[in-house]
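# Inside the fold
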Amino acid sequence: MNVLEELVKESERCISCGFCESVCPTYRASGYRAAMGARGRVIIAREMVREKREKGSVSPGYANSFYSCLDCFACLQVCPAGVNAGRVSELARAVLVEGGGRENRKRVGDMVVRLTMRYRNPIGADFSDEGEGDGDTLLYTGRMYQTMGYSKVLVELRKRLGEKATERNAGIVARMPFLIRLLRQRPDEEVDREMQASVESIKFLLREAGVKFRFLGSSEPYPGTFLYDLGYYGEFRTYANSVCDEFRKMGIRRIIVTDPHTYDLLLNAYPKFVDRFDFEVTYYLDLLSALEFEQDEEVVFHEPCHFVLHMDYRGAHIALSKAARVKLPPRSGRNVFCCGGPDELLFPEMAEKVSEERYRELSEAGNGRIITACPICFSNLKKSERVVDISVFLKEKLKVRATVSGP
Ligand code: SF4
Ligand code: SF4
């Protein structure tokens with residue numbers, strides 16, 4: 001099935017009841033603008049498909065509705081017709097990239113794609129962390145933690161420049177990607193320090209659990225999450241295949257992932273786009289069962305939407321429950337509310353409003369620390385010292401060091 005057909009199939013069941021608007025974070029954050037909410041996106045997608053079929057092209061003005069969607073999939077949970085407006089947005093972005101015309105493309109998206117293809121990370125950063133270990137089990141952070149400090153700086157720049165100037169400059173970098181290296185990029189020091197601490201904590205926990213792994217450090221390729229999320233499916237196919245070829249040449253057979261976005265991508269997108277995806281994929285939190293933790297603290301847990309609403313994965317909640325008395329805010333489980341992070345670069349004001357709402361809710365759910373389990377959630381919700389990544393928290397609470405040998 002091609003992208004346009006899949007978009008028709010996903011959107012045609014909509015009966016326009018509007019239930020999805022009640023849970024859509026961007027609908028509320030945009031001041032209840034229909035085009036920025038779940039129902040509006042489905043209606044607009046149907047109109048875009050009609051135009052595309054009748055005229056072979058689409059009018060300008062569709063991009064913001066679809067690019068502002070957080071892909072949280074909260075809409076799907078309440079839709080009586082089983083429509084996923086998040087998936088509609090993903091597919092609509094792919095239609096816009098393939099044939100939506102210049103006005104419906106985001107130059108920031110073009111820039112990220114060019115930088116990823118050239119530098120194997122989405123911001124053209126020059127990382128310097130060292131690799132370690134050998135063998136066929138890869139600890140794969142996908143540069144997600146390491147990229148957050150740089151993203152923070154880019155988001156601040158986007159806020160200062162405004163949308164038009166950002167798009168203009170991103171267009172220049174998309175044409176000449178080497179220019180990014182002239183910017184002398186430096187990450188936000190505080191975010192970078194905390195993210196590096198997370199990576200070190202993950203490595204520490206795995207070693208303590210007896211898991212042997214290989215870590216590639218600065219030569220580790222980004223998995224291409226943005227390429228997929230922004231709808232650049234052709235480029236994503238090429239890129240994902242090249243990442244897998246690289247892993248195969250190294251003799252990698254098993255991949256341990258460390259964030260929800262990479263986990264979702266490797267489990268659900270890679271097998272569809274990669275010619276032969278023959279790797280075993282495991283989440284690091286599922287490998288810590290040999291460890292024991294102090295359980296002397298009450299915490300509030302923010303579950304990542306990709307875990308709960310995309311994959312129905314509860315491993316993070318289970319791991320945290322072994323190390324703390326876990327309180328959940330009212331919107332949790334199938335009702336979980338997004339951190340707003342996926343909108344940070346393109347719609348920073350929207351992302352900020354969503355994250356403020358979520359942070360307030362988490363703060364009111366208990367007095368303890370707020371635990372996140374995703375570098376994007378951490379970066380977007382880090383509004384006080386109360387917010388801590390699960391890896392750092394588990395390391396702090398580790399009680400008995402296991403002596404079992406690894407798998
Ligand atoms: S809840 Fe489902 S059927 Fe109702 S408007 Fe939203 S997408 Fe359409
Ligand atoms: S995926 Fe999330 S942001 Fe996108 S339409 Fe659905 S509820 Fe709204």
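Residues numbered from 1 in each chain as written. Chains lettered and ligands numbered in written order. Predicted model: local features only at pLDDT ≥ 70, side-chain atom pairs only at ≥ 80, totals over all residues. Heavy atoms only, no water.

### Some remarks on the overall build of the protein
Helix and strand content of the protein: 17 helices and 9 strands. By the compact-globule yardstick of 22 Å for 407 residues, the protein fits well, its C-alpha radius of gyration being 21 Å. With respect to the principal axes defined by its C-alpha atoms, the protein has extents near 65 × 45 × 40 Å. Expressed as a percentage of the 407 residues in the protein, the buried residues total 59%. Residue pairs at least 24 apart in sequence account for 78% of intrachain contacts in the protein once pairs closer than 6 positions are excluded. Surface accessibility of the protein: about 17,100 Å² in total, with carbon and sulfur atoms responsible for 49%. For the protein, the distance from the average position of its 60 positive side-chain charges to the average position of its 58 negative side-chain charges is 3 Å. (Helix = DSSP H or I, 4+ residues; strand = E, 2+ residues; numbered from the N terminus. Rg over C-alpha atoms; globule rule 2.2 N^0.38 Å. Buried < 20%, exposed > 50% of the residue type's maximum accessible area, 1.4 Å probe, protein only. Contact = heavy atoms within 4.5 Å. Areas by Shrake-Rupley, 256 points an atom, 1.4 Å probe, with all protein chains shown as cover. Lys, Arg positive; Asp, Glu negative; His and termini not counted. Charge placed at Lys NZ, Arg CZ, Asp CG, Glu CD.)

### Quick notes on the site of ligand 1
Every residue near ligand 1 is listed here: Cys-14, Ile-15, Ser-16, Cys-17, Gly-18, Phe-19, Cys-20, Arg-39, Cys-79, Pro-80 and Val-83. When atoms are counted within 2 Å of each cavity's grid points, the one that captures over half of ligand 1 is the second largest cavity. Taken together, the residues of the shell around ligand 1 sort by class into 8 nonpolar, 2 polar and 1 charged. (Near = heavy atom within 4 Å. 1 Å grid on protein atoms, 1.4 Å probe; cavity = no way out; pocket = protein on both sides within 12 Å on 5 of 7 lines; lining within 4 Å. Sits in = over half its atoms within 2 Å of the grid points. Nonpolar A, V, L, I, M, F, W, Y, C, P; charged D, E, K, R; others polar.)

### Focus on helix H12 (residues 260-273)
Helix length check: H12, at 14 residues, gives a terminal C-alpha distance of 19 Å against a target of 20 Å (1.5 Å per residue), a fit within 8%. At Leu-266, H12 shows its largest kink, close to 40°. For H12, the set of buried residues is Pro-260, His-261, Thr-262, Tyr-263, Asp-264, Leu-265, Leu-266, Ala-269, Tyr-270 and Phe-273. A distance of 2.9 Å separates the backbone nitrogen of His-261 from a side-chain oxygen at the start of H12, and that oxygen is part of Asp-259. (Expected span 1.5 Å × (residues − 1). Bend = angle between axes of the 7 residues up to and from the residue. Polar contact = N/O pair within 3.5 Å; in protein donor to acceptor, adjacent residues only side chain to side chain.)

### Concerning the packing of helix H3 (residues 38-55) against helix H6 (residues 85-99)
Here H3 crosses H6 at 35°, and the two axes come no closer than 9 Å. Both H3 and H6 take part in a crossing whose hand is left-handed. For the pair H3 and H6, contact is made by Ala-38, Arg-41, Val-42, Ala-45, Met-48 and Lys-52 and by Ala-85, Val-88, Ser-89, Ala-92, Val-95, Leu-96 and Gly-99, respectively. Among the residues making up the contact of H3 with H6, the classes are represented as 9 nonpolar, 2 polar and 2 charged. (Axes fitted to C-alpha atoms, helices over the stretch in contact; angles between N-to-C directions. Left-handed = near helix turned anticlockwise from the far one by under 90°.)

### Focus: empty space enclosed by the protein
The rolling of a water-molecule-sized probe over the atoms marks out the regions of remaining empty space. Under the definition given, this model contains 6 cavities of 30 Å³ or more. Residue lining of the largest cavity: 29 residues in total, with Phe-226, Gly-341, Pro-342, Leu-345 and Ile-376 positioned closest to the centre. Considering every element that reaches the lining of the largest cavity, the biggest residue donor is helix H8 (residues 144-175), with 6 residues. Residue composition of the lining of the largest cavity, by class: 18 nonpolar, 6 polar and 5 charged. Looking at the lining of the largest cavity, you find at least three residues from each of domain 1 (3-105) and domain 2 (289-400). Lining the second largest cavity we find 14 residues, and of these Cys-14, Cys-17, Cys-20, Cys-79 and Val-83 sit closest to its centre. Of the residues forming the lining of the second largest cavity, the biggest block, 3 residues, is contributed by H3. Of the residues belonging to the lining of the second largest cavity, the class tally is 11 nonpolar, 2 polar and 1 charged. (Points joined across faces, edges and corners; volume = space filled by probe spheres on them. Domains from an automatic or database assignment.)

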